[in-house]
2 protein chains.
Amino acid sequence: MPSERPMRADARRNYDRLLAAAAAVVAEQGAEASLEEIARRAGVGSATLHRHFPSRRRLLEAVFRDKVETLCAAATDLAGAPDPEQALVSWLGAVAAHAVSNRGLAASLMVGSDDGDPLVGATCHTMIVEAGQGLLARARQARAVRSDVSIVELLTLVHAISLAAERQPDGAALADRLLTLVLDGVRPRPEGPPR
Amino acid sequence: MPSERPMRADARRNYDRLLAAAAAVVAEQGAEASLEEIARRAGVGSATLHRHFPSRRRLLEAVFRDKVETLCAAATDLAGAPDPEQALVSWLGAVAAHAVSNRGLAASLMVGSDDGDPLVGATCHTMIVEAGQGLLARARQARAVRSDVSIVELLTLVHAISLAAERQPDGAALADRLLTLVLDGVRPRPEGPPR
DNA sequence: TAGAATATGGAGGGACACCCCGTTTCTGCA
DNA sequence: TGCAGAAACGGGGTGTCCCTCCATATTCTA
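One structure accompanies this document, and this report is about it. (Residues numbered from 1 in each chain as written. Chains lettered and ligands numbered in written order. Predicted model: local features only at pLDDT ≥ 70, side-chain atom pairs only at ≥ 80, totals over all residues. Heavy atoms only, no water.)

1. Remarks on the protein's contact with DNA strand D
For DNA strand D, the set of nearby residues contains 24 residues, the closest of which are Arg8 and Arg56 of chain A together with Arg8, Asn14 and Arg51 of chain B. At the protein interface, 57% of the atoms of DNA strand D within 4 Å belong to sugar or phosphate. Contacts to DNA strand D include Ala9 of chain A, whose backbone N or O atom sits 3.1 Å from a phosphate oxygen. Measuring from a base nitrogen of DNA strand D, one finds a side-chain N or O atom of Ser46 of chain A at 3.3 Å. Elements represented by at least two residues in the surface near DNA strand D include exactly helix 1 (9-29), helix 2 (35-42) and helix 3 (46-52) of chain A together with helix 1 (9-29) and helix 3 (46-52) of chain B. For the surface near DNA strand D, the class distribution of residues is 7 nonpolar, 8 polar and 9 charged. (Near = heavy atom within 4 Å. Polar contact = N/O pair within 3.5 Å; in protein donor to acceptor, adjacent residues only side chain to side chain. Helix = DSSP H or I, 4+ residues; strand = E, 2+ residues; numbered from the N terminus. Nonpolar A, V, L, I, M, F, W, Y, C, P; charged D, E, K, R; others polar.)

2. Focus: the protein's contact with DNA strand C
With respect to spatial proximity, 23 residues lie near DNA strand C, and among them Arg8, Asn14 and Arg51 of chain A together with Ala9 and Arg56 of chain B are the closest. A share of 64% of the atoms of DNA strand C within 4 Å of the protein falls on sugar and phosphate groups. In this structure, a base oxygen belonging to DNA strand C sits 3.0 Å away from a side-chain N or O atom of Arg8 of chain B. Between DNA strand C and Arg13 of chain B, the relevant distance is 3.5 Å, taken from a phosphate oxygen to a side-chain nitrogen or oxygen of the residue.

And the structure:
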């Protein structure tokens, strides 16, 4: 059951304007940006913003949806890569990179749903989890990762790192370094270099 | 050069009241709590709060200072423990546990200084870093950790995990699990169980 | 093209951070 | 002890923010 009825033309127009303005403002100022500023920049009353997006979270999800879809597509592409370990590792790296460069993405992806609204089934969170599942399964089969680690744990770590890195100068490099550290572990490897 | 002149009696009294109120409110509501609510509960005008603590960060730092001191003391205690690896690991666990149970602590410890005020030399951040340094050095000497990992990286990871865990139900357990994962690494160990 | 359905946005309520400045409270000194 | 000036206080104002109501305007449909 898709939308019962197509949006009215002006509604659609304002929706799109809001989304564009939100993307711009969030890119500039992060996910805490003022909603009124977004409405203002979209040339729209704040009531309209609130009608289209009942909560900040919903707005962010709409803003980030296509970025998330890109990541999911990347996962599909990598699903057939020759090296399952490398596939998983570079996908996680991509997730981290996206999260760091789009401030607030990590927080959005973190939680299942914070407003009491359970109907947000296909949230960004679950989309990412499902996309990663396949990569992890293959890597595990290749014995490239411990058998007791789940995709949710892995993604939580990646998001944690992004959360920490996104507020620091040169967050991308930091996230990258920390991710490698996490994958290899802090303790030394008994023999030779890892990988 | 300590404070040029001792605080006036009423100033000292209000300072203490504010600190106590802030500790209570932050424990209840997290680090985003309303500053006016804190002033209100301290029975003090909001201007007074702002005079004593020019920024939210400063207030949080004062609130968390004794918790941080506890952690630093723990580091000193552990400095002579028989097992350097275990000492480091359990100290990091303690840091994570504190950060998770005191919402906002992690964020406070994360950054060096966000207001342009460089005179906050002995911030919580540097206190913790210095406390950890010794434990890491000993663990490294015992070849219990990789030689290329720094205490700042390690603490950043711990804080990242705390940041992610503190907003989830059962954050303590989650943080613990993730920390173990990070220490051991996601990749499997070539031989036998670690430790 | 008229009426119904839908969408809009200005205005306003409540909360907040932060600051100005007249008033009150201390303290050091005579 | 008493008092002058320094130090601290806090009521109230400003500007911002999130969110909602409802009179008005736009779009759709027949």
